[in-house]
Amino acid sequence: GQDAPETSSPPPGHLLLTLDTDTIVAIATPPGNGGVGIIRVSGPMAFTIGQAITGQAALTPRYAIYTAFADQDGSPLDSGIALYFPGPHSFTGEDVLELQGHGGRLVLGLLLRRCVALGAREARPGEFSERAYLNDKMDLVQAEAIADLINAQTETAARQAQASLQGVFSDQINALAAALTSLRVYVEAAIDFPEEEIDFLSEGKVAAQLNALIKQATTLRTQAHQGSIVQQGATVVLAGKPNAGKSSLLNALAGNPIAIVTDQPGTTRDVVREAVNIDGVPLHLTDTAGLRETHDLIEQEGVRRARHALTLADVSLHLIDDSEPDLPNPLESRGPVITLLNKIDISGRSPGTVDASHFTDPVIAISTKTGAGLDVLKHTLLEVLGVRAGSDSLFSARARHIQALDEALAVLVSAQAQFLASGAGELLAEDLRRCHDVLGSVTGKMTSDGLLGEIFGSFCIGK
């Protein structure tokens, strides 16, 4: 006969959450009809549910079995492959069953209903990945990378998400935490043994290690920012006076006639959005109504929406008609501004970067009609965003990671300043502890229940 199923005691739950012992089930493939559909089951009843549906007395671990999937009365619901993975050697760390059948919505629904009738409950969004995290199969950064990989918009984003899933980002966080631990141990020892004649805190080692930590955290924060931009994209707002060429630039960057272009001022009256990919970096372009005073109520609303869009921009492109004699005032925007002198096919100016004292931000001469200067614009745009085009060596990151790294860096800088001013080891030790806690929130070693619910609630069901 076949080997008895492997059994194991479940690993202890996470310090902050009690691991749910329910058996969960979900359709793991996207909605709609397809050649193959997968039902995923995880929990203590996975093996018995597999037995009941397949009619197999014993499911051999990690061995694909082609079989019929039976309903309660023994009639076939479908046929396909059954796979059983005993915990802890599975994605979730629990007993896991996968039923791979035909991808029709109805048949998958029937199989799902059968699993529920046998004692499973339908999984919440992200609950499989959440259980993998709680069972120490991955840390929080790796769990988030699964969703980032699924939602990747470009090849570069997919590669960086895969890097995070493999632990590249986590390793760097852990390396920073290890260096921080080393300094904490040294500082605590110096505080605990004051009878020593040598003042270890004044030797220069602490100041040197603080400098090294700040440098390491700054580099990691820069890499995380780049990973976040590549993963989530950046909002780029096109603004300027009517007929400056905003819609023409949108069409040129998108490679399609998305926006209507005419010689009539005020043609664009609403916000027009289009997603583009520049060297592997997803950008969300926003074309806006021309900025000017007008008595037209519809155009007034368009101008209001344009100014609102500028308050949300990661970068704004200020288009100016280079054939006009007077330069307008600099653009007010939340993020950096790149000024574009357009229509150089009329003015005769050479394309590329322009040295213009009237503006503090980059100024580039372009022609949306001929395409001159657009390569310089693309390069400058990525440079302003702090992204190196085509970099596959980094990792994906999220806004919460950057916020945590910003906080950790601020704590380190503040700790360095107070230590150099007072030399107080006790205050430094407390600052280093705070920094350690912040870094722990990135990988999930110090994470609130509310944050976990928010993170995994954004996942798709069945993952």
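Scroll up to find the structure.
Residues numbered from 1 in each chain as written. Predicted model: local features only at pLDDT ≥ 70, side-chain atom pairs only at ≥ 80, totals over all residues. Heavy atoms only, no water.

A.B. asks: Even after reading the chapter, I still don't get the sheet that holds strand E4 (residues 76-85), so can you show me in this structure?
C.D. replies: Backbone hydrogen bonds are what pair the strands of a sheet, in a parallel or an antiparallel way. On the basis of which strands lie adjacent, the open sheet formed by six strands has the order E3-E4-E5-E2-E1-E6 and mixed pairing. Across the chains shown, the open sheet's two edge strands, defined by having one partner strand only, are strand E3 (65-70) and strand E6 (121-122). The sheet contact formed by strand E2 (residues 34-42) and strand E5 (residues 96-103) spans seven bridges and is antiparallel. Paired with Gly37 across the two strands is Gly101, which belongs to E5. Helix H3 (residues 127-134) rests against strand E1 (24-27), E2 and E6 of the sheet, and its axis sits at about 135° to E1. (Pairing = 2+ DSSP bridges. Helix = DSSP H or I, 4+ residues; strand = E, 2+ residues; numbered from the N terminus. Contact = heavy atoms within 4.5 Å. Axes fitted to C-alpha atoms, helices over the stretch in contact; angles between N-to-C directions.)

A.B. asks: Mind showing me how you'd approach the packing of aromatic side chains here?
C.D. replies: The description of an aromatic ring pair rests on the distance of the ring centres and on the angle between the ring planes. Counted according to the given criterion, the structure contains two aromatic pairs. Their ring planes at 5° and their centres at 4.3 Å tell us that Phe169 and Phe395 sit as a pair that is stacked. Placement of the pair is Phe169 in helix H6 (residues 168-192) and Phe395 in the loop between helix H11 (374-385) and helix H12 (399-422), with a sequence separation of 226 residues. Taking the relative accessible area as the measure of exposure, Phe395 reaches 0% and is therefore buried. The ring of Phe91 has Arg40 sitting right over it, with the charged end atom 5.8 Å from the ring centre. (Phe/Tyr/Trp six-rings, centres within 6.5 Å; stacked < 30°, edge-to-face > 60°. Buried < 20%, exposed > 50% of the residue type's maximum accessible area, 1.4 Å probe, protein only. Lys NZ or Arg CZ within 6 Å of the ring centre and 35° of its normal.)

A.B. asks: How should the side chain of Asp431 be read in this particular structure?
C.D. replies: Its place among the elements puts Asp431 in helix H13 (residues 425-443). Exposure remark for Asp431: the relative accessible area of 12% places this residue in the buried category.

A.B. asks: Please clarify how the nonpolar core should be interpreted in this entry.
C.D. replies: When a protein is soluble and globular, its nonpolar side chains tend to lie buried together. Phe169, Val206, Leu210, Leu412, Leu428 and Leu432 are the most contacted members of the largest nonpolar core, which totals 34 residues. Mapped onto this core, the elements with two or more residues apiece are H6, helix H7 (205-232), H12 and H13. The greatest single-element share of this core, amounting to nine residues, is contributed by H12. When near neighbours in sequence (up to four residues on either side) are disregarded, Leu428 contacts Val187, Val206, Leu210, Ala415, Gln418 and Phe419. In this structure, Leu250, Leu283, Ile338 and Ile364 belong to the second largest nonpolar core, which totals 29 residues. (Core = buried A, V, L, I, M, F, W, Y, C linked by side-chain atoms within 4.5 Å.)

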